[in-house]
Structures are given as C-alpha cells and as structure tokens.
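For reference, the chains in residue letters:
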Amino acid sequence: MTLHPLRMSNTPDGDDGDAGVALQTRTRTKRPPLYKVLLLNDDYTPMEFVVHILERFFGMTHAEAFEIMLTVHKKGLAVVGVFSHEIAETKVTQVMDFARRHQHPLQCTMEKE
Ligand code: TYC
C-alpha cells in the first residue's frame with residue numbers, strides 16, 4: 001500500500017498525531033566565562049594608594065584592602081576580584097587610568113579563570 005504524496009498520514013482522517021506541537025530540541029546554556037582581576041606589585045606605588053584603589057574600585061573595607069595590598073606586596077600579585085569579561089575590563093581600565101593620572105606605575109591585568 002502506498003501513501004498519497006500530499007497527505008499528512010495514511011490514516012483516514014489525515015491526523016498525524018502531533019496535534020500541531022513543535023518538536024523541541026535541547027538547548028545547552030553555557031555560563032559565561034569568568035575573569036580574575038590581578039594586581040601586581042612594584043617598588044614605587046605607595047601602599048596607601050593601593051589600599052585606596054581596592055576600597056574605591058573593588059568595594060573592600062579598609063581592613064580587607066590593607067590585607068590584600070600586603071599580600072600583593074609580599075607575594076608579587078593577588079587576585080582582587082572575579083567578574084564577567086566586561087566588568088573585569090572596566091575594573092582594569094579604572095585602576096590603570098587612576099594610577100596613571102597619579103603617576104604611579106601600578107599594573108592591573110585580567111586573565112580567564
Ligand atoms: N611594594 C609597594 C611599596 O612597598 C606597595 C605596593 C603594594 C605596590 C601592592 C603595588 O600592587 C601593589 N610601596
């Protein structure tokens with residue numbers, strides 16, 4: 001028995017049984033990548049300036065900022081926050097612009113987590 005080429009099914013009423021419902025395909029949602037913002041040590045930027053940066057741009061308390069600043073001073077660098085790509089870029093730009101305006105050689109970078 002052959003099926004008529006213009007018919008939806010071979011049942012007498014033409015009902016193909018899908019009730020007009022579109023078939024769903026599974027969508028894989030990926031979480032956006034995160035980026036670490038790093039502060040680097042140098043021999044010239046004053047400690048209090050670094051503390052001020054951490055308070056101003058990273059929302060740290062004075063005590064938190066002082067602790068992270070000391071970690072950078074002793075270890076050479078520290079992660080000061082983890083953000084989306086756009087926010088991380090903004091933080092790096094804010095820190096670099098602020099340091100440059102005050103003529104300090106402070107370096108701030110970002111890297112994928
Ligand atoms: N090493 C600097 C000093 O002794 C202080 C400093 C800390 C500089 C952290 C940069 O990211 C930095 N004045």
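Residues numbered from 1 in each chain as written. Predicted model: local features only at pLDDT ≥ 70, side-chain atom pairs only at ≥ 80, totals over all residues. Heavy atoms only, no water.

1. Quick notes on the site of the ligand
Residues in close proximity to the ligand include Leu39, Leu40, Asn41, Asp42, Thr45, Met47, Val50, Met69, Val72, His73 and Leu106, which together make up its full environment. At 2.8 Å, a side-chain N or O of Asn41 approaches a nitrogen atom of the ligand. Between the ligand and Asp42, the relevant distance is 2.7 Å, taken from a nitrogen atom to a main-chain nitrogen or oxygen of the residue. Surface burial for the ligand is 89%, taken as the share of its 340 Å² of free accessible area covered by protein chains. The set of elements that each furnish at least two residues to the shell around the ligand consists of strand S1 (35-40), helix H1 (47-58) and helix H2 (62-75). A total of three residues in the shell around the ligand trace back to one element, the largest contributor, which is H2. Here the residues of the shell around the ligand are counted per class, giving seven nonpolar, three polar and one charged. (Near = heavy atom within 4 Å. Polar contact = N/O pair within 3.5 Å; in protein donor to acceptor, adjacent residues only side chain to side chain. Areas by Shrake-Rupley, 256 points an atom, 1.4 Å probe, with all protein chains shown as cover. Helix = DSSP H or I, 4+ residues; strand = E, 2+ residues; numbered from the N terminus. Nonpolar A, V, L, I, M, F, W, Y, C, P; charged D, E, K, R; others polar.)

2. Let's talk about the packing of H1 against helix H3 (residues 85-101)
How two helices pack is summed up by the angle between their axes together with the distance between the axes. Following both chains from N to C, one finds H1 and H3 inclined at 145°, their axes separated by 11 Å at the closest point. Where H1 crosses over H3, the two elements pack in a sense that is right-handed. Mapping the contact onto sequence places Phe49, His52, Ile53, Arg56, Phe57 and Phe58 in H1 and Lys91, Gln94, Val95, Phe98 and Ala99 in H3. (Axes fitted to C-alpha atoms, helices over the stretch in contact; angles between N-to-C directions. Left-handed = near helix turned anticlockwise from the far one by under 90°. Contact = heavy atoms within 4.5 Å.)

3. Some remarks on H2
The end-to-end C-alpha separation of H2 is 20 Å, in line with the 20 Å expected for 14 residues at 1.5 Å each. Restricting attention to buried positions, one finds in H2 the residues Ala65, Met69 and Val72. Down the axis of H2, the sector holding all buried residues measures 60°, keeping them to one side. In H2, the exposed residues that point more than 90 degrees away from the buried face are Ala63, Glu67, Lys74 and Lys75. (Expected span 1.5 Å × (residues − 1). Buried < 20%, exposed > 50% of the residue type's maximum accessible area, 1.4 Å probe, protein only. Arc of directions from axis to C-beta.)

4. Re the sheet that holds strand S2 (residues 77-83)
The sheet built from three strands is open, its strands ordered S2-S1-S3 with antiparallel pairing. The open sheet has two edge strands, S2 and strand S3 (107-112), and neither has a second partner. Across the sheet, the mean angle from the axis of one strand to that of its neighbour is 30°, orientation sign disregarded. Of the pairings in the sheet, the one linking S1 to S2 comprises six bridges and is antiparallel in character. What sits directly across from Leu38, in S2, is Val79. Contacts from H3 reach S1, S2 and S3, with the element oriented near 165° to S3. (Pairing = 2+ DSSP bridges.)

5. Observations regarding the packing of H1 against H2
Closest axis-to-axis distance for the H1/H2 pair is 8 Å, and the angle between their directions is 125°. In terms of their interaxial angle, H1 and H2 are classed as oblique. With respect to the hand of their crossing, H1 and H2 are arranged in right-handed fashion. Contacts between H1 and H2 involve Met47, Glu48, Val50, Val51, Leu54 and Glu55 on the former and, on the latter, His62, Ala65, Phe66, Ile68, Met69, Leu70 and His73. In the contact of H1 with H2, the residues fall into nine nonpolar, two polar and two charged. (Parallel < 35°, antiparallel > 145°, perpendicular 65-115°, else oblique.)

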